[in-house]
Amino acid sequence: MSAPILELRALSKSFGPVHAVKTVSLAAHAGEVIGLIGDNGAGKSTLTRMIAGAIRPDQGDIIVNGQKEHFETAQDARRAGIETVFQTLALVPGLDIVENIFLGRELLVPGATGRATRTMDVAAMRRRVEEGYQRFGLNLPDMRTKVAALSGGQRQVVAIARAVLWGSGVVVLDEPTAALGVKQTELVLSFIERLRSHKVAVIFISHNMQHVMRVADRVCVLRLGRKVHDGPMSKLSGTDLVALMTGATIAAQ
Amino acid sequence: MTRQQILGWTQRNGLFFALAILIAIFSILSSRFLTVPNFTVILLQNAVIGLIVVPGAMLILCGLVDLSVGSVAVLSAVVFGQAMASGLGLPVSLLIGLAVGAAWGAFNGYLIAIQGFSPIIITLGGLAGARGLAEFVTQGYTTYGYGREFAFLGNGKLLGVPVPVILFAIVFLIGLHLWYRAPLGRHMIAVGGAKDTAAEIGIKVKLIPFWLYVASGLAAALGGLIIASQLDGAAVTIGTGMELEVLTAILLGGVSFTGGRGSLFGVLFGLLFVGVLSNGLVQVNVSPYFEQVAIGAALCGAAALDMFYQRLERLNVPVESEPIEAPQAGEAQ
Ligand SMILES: Nc1ncnc2c1ncn2[C@@H]1O[C@H](COP(=O)(O)OP(=O)(O)OP(=O)(O)O)[C@@H](O)[C@H]1O
Ligand SMILES: [Mg+2]
């Protein structure tokens, strides 16, 4: 297999006496969906927040494309090509889809006057989003629709699409389907599946084993901060996953 | 979709039509109303408020407010007057007057945007404090008579257009550019509507409001100087009640007081609506007491309409229905 896009080497993080994450290593390759599972408090979100640059690891290294990175802020991680979509989604309801996708990195009219007057190239931004809609076969309403008018699943898709349109090679999704109904979940899961063919590495956190089994190529299990399993999805059943999470031995077949 | 489009269109243009109807009514009632000189008067009467409304609306869009504008206007005018009286000359005195406004704005901005103090409390303090300071500076002695050059600021005309109206137009055009064509407009909506998200994305959630307060102070100072020029004196009455006139235009214009939503064109129509209403009522000899009642009624009407539109908008959210798993009751016999 080719070199991983993202590699975590023995990451550890403690909060006082609580060892939230203990020497966890993980490699993510382009076009791979990794299901990251574990019981409540297993350390999934803590691991995610270290990858996202929201908190700093006590020990261990984060390597992106062979380069060792020290993220101070979420923007550092984003610049390195890692986008994390938290439950909050980081979307502004009062802005439309295009405005949200380009928020904070608006394109300006090329040339000195464009830069001096801070004039946005609105047409170029729309064109880029239009292209993205087609490239990823995005099933979203018109791109001028305000995010306030979107459903939960559509918002998830916008948040993920923003990451991918900005060329992030790694997208981390912390429980993207937790608050969604059946149809909305389908919207998000099918989009995650489509990302695979676009050479994006996805780390997908979920408590729903069916969702994990549907989209993940590989599954990685955390228990009390330690990685207790890492292997291909195809060999495991839902019962196996639950057993790994809770620490019960896998029932002998 | 069409219903939603119609809805959105009337919402965006409702105030424009209210203004058009108002103008039509006054035109029928008074032959002097719909004339170029009268409209020049309306613009001139509202130019100073208009100048201050532009940064004011941006602050409201960010979820903030500046109640100190009227007091900053009088303080700037009074300090200018003292500078003139002590022989510093017009250019230096003008700069000092404007600097007072910018400095007060920076003071507001520092405490509110950087340190996180309540915008209402800090600028309410400014409302009392800056006017008190202005009265202290004058010591009951109003300076006047600043010469013809300064009179041009408030009373001069270029190509038949009063100078204050030109200044208002310039500020408004800059405002339009920033609001609609520069990234700032979206950033302000993000700051006002979802501050934590904006910060997370890397938008300057402190610096943007800081500079808006500076701009508001500067605009208030310019407004104070224009009025001082028109009066040819730095009276301590300058700017009384100005903050309410500014807020009325902004809120009538449909900018949400909680931030995150609003249009600068709406604010222009709000400003003109109040201007036309005041002027028209005088033209048709309605008691001036009634003017305040009419403006108050218009504000309440605008608030009610806004609620109404928001309700309708919420009803129009295109949420896909979840598949219903229960079998059709009719067929299960
Ligand atoms: N900021 C913090 N301060 C103190 N303890 C924390 C903090 N964040 C996480 N923890 C602790 O670290 C451990 C791991 O938490 P984490 O949120 O990573 O779990 P999780 O796997 O995401 O759980 P869940 O499935 O409930 O989201 C927990 O014991 C939690 O209480
Ligand atoms: Mg979690």
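All values reported here derive from a predicted model rather than from experimental measurement. (Residues numbered from 1 in each chain as written. Chains lettered and ligands numbered in written order. Predicted model: local features only at pLDDT ≥ 70, side-chain atom pairs only at ≥ 80, totals over all residues. Heavy atoms only, no water.)

Draft legend 1. Spatial organisation of the overall build of chain B. Counting secondary structure elements, chain B contains 13 helices and two strands. With respect to the three principal axes, the spread of C-alpha positions in chain B is 100 × 55 × 35 Å. Taken across its 333 residues, chain B has 48% of its residues classed as buried. In chain B, once contacts between residues fewer than 6 apart in sequence are set aside, the share between residues at least 24 apart is 78%. For chain B, the accessible surface area stands at approximately 16,400 Å², while carbon and sulfur atoms represent 69% of it. Of the charged side chains in chain B, 14 are positive and 15 negative, and the gap between their average positions amounts to 8 Å. (Helix = DSSP H or I, 4+ residues; strand = E, 2+ residues; numbered from the N terminus. Buried < 20%, exposed > 50% of the residue type's maximum accessible area, 1.4 Å probe, protein only. Contact = heavy atoms within 4.5 Å. Areas by Shrake-Rupley, 256 points an atom, 1.4 Å probe, with all protein chains shown as cover. Lys, Arg positive; Asp, Glu negative; His and termini not counted. Charge placed at Lys NZ, Arg CZ, Asp CG, Glu CD.)

Draft legend 2. Broad picture of the sheet that holds strand E1 (residues 6–15) of chain A. All names here are of chain A. In spatial order, the strands read E2-E1-E4-E5; together these four strands make up an open sheet with antiparallel pairing. Lying at the two open borders of the sheet, with one neighbouring strand each, are strand E2 (18–28) and strand E5 (67–69). Taken over all neighbouring pairs, the strand axes of this sheet differ in orientation by 30° on average, direction set aside. Across seven bridges, E1 lies against E2 in antiparallel orientation. (Pairing = 2+ DSSP bridges. Axes fitted to C-alpha atoms, helices over the stretch in contact; angles between N-to-C directions.)

Draft legend 3. Representation of the pairing of strand E9 (residues 218–223) of chain A in the model. Residues and elements named next belong to chain A. The buried count for E9 comes to five of six residues, which makes it a mostly enclosed element. Here strand E3 (residues 33–38) pairs with E9 via five bridges, running parallel. Paired with Ile37 across the bridge in E9 is Val221. Note that E9 and strand E10 (residues 226–232) share six bridges and pair antiparallel. Counted as the bridge partner of Cys220 is Asp230 from E10.

Draft legend 4. Looking closely at the interface of chain B and chain A. With 21 residues of chain B at the contact, the number on the chain A side is 30 residues. Between chain B and chain A the total buried area reaches about 2,300 Å² when both faces are included, carbon and sulfur atoms providing 58% of it. Summed over the shared surface of chain B and chain A, the result is one salt bridge. Put simply, B:Arg186 and A:Glu99 hold a salt bridge, and the shortest N to O gap is 4.0 Å. Seen at the junction of chain B and chain A, the total is three residue pairs in polar contact (both at pLDDT 80 or more). Contributions of two or more residues to the side of chain B that touches chain A are made by helix H7 (163–181), helix H8 (183–193) and helix H9 (195–201) of chain B. No other element matches H8(B), which puts five residues into the side of chain B that touches chain A. (Buried area = accessible area lost by both parts, 1.4 Å probe. Salt bridge = Lys/Arg side-chain N within 4 Å of Asp/Glu carboxyl O. Polar contact = N/O pair within 3.5 Å; in protein donor to acceptor, adjacent residues only side chain to side chain.)

Draft legend 5. Local environment of the confidence of the model for chain B. Residue and element names in this part refer to chain B. Chain-level pLDDT for chain B is 89 on average; 91% of the residues reach the 70-or-more range. Under a pLDDT of 50 for its full length, residues 317–333 has, in the predicted model, 14 contacts with residues more than four places off or in other chains. Here the predicted complex carries an ipTM of 0.84, next to a pTM of 0.86. (pLDDT = per-residue confidence, 0-100.)

Draft legend 6. Region of interest: the packing of helix H2 (residues 36–61) of chain B against helix H11 (residues 242–252) of chain B. Residues and elements named next belong to chain B. At their nearest, the axes of H2 and H11 sit 9 Å apart, and the two run at 65° to each other. In this structure, H2 meets H11 at a crossing whose hand is right-handed. Together, Val48, Ile49, Ile52, Val53, Gly56, Ala57 and Ile60 of H2 and Met242, Glu245, Val246, Leu247, Ala249 and Ile250 of H11 make up the contact between the two elements. Of the residues belonging to the contact of H2 with H11, the class tally is 11 nonpolar, one polar and one charged. (Left-handed = near helix turned anticlockwise from the far one by under 90°. Nonpolar A, V, L, I, M, F, W, Y, C, P; charged D, E, K, R; others polar.)

Draft legend 7. Quick look at the site of ligand 1. Residues and elements named next belong to chain A. Residues in contact with ligand 1 amount to 14 residues; listed here are only the nearest, Asn40, Lys44, Ser45, Thr46 and His207. Within the side chain of Lys44, a nitrogen or oxygen atom sits 2.7 Å from an oxygen atom of ligand 1. Of all the secondary-structure elements, those providing two or more residues to the shell around ligand 1 are E2 and helix H1 (44–51). By residue number, the principal contributor to the shell around ligand 1 is H1, which donates four residues. Split by residue class, the shell around ligand 1 holds four nonpolar, six polar and four charged. (Near = heavy atom within 4 Å.)

Draft legend 8. Region of the structure containing unusual backbone geometry. All names here are of chain A. Phi is positive for Asn65, close to 50°, though the residue is something other than glycine. Looking at the element boundaries, Asn65 is found in the loop between strand E4 (59–64) and E5. One non-glycine residue, Ala90, lies in positive phi territory at about 55°. You can see Ala90 is positioned in the loop between strand E6 (82–85) and helix H3 (97–101).

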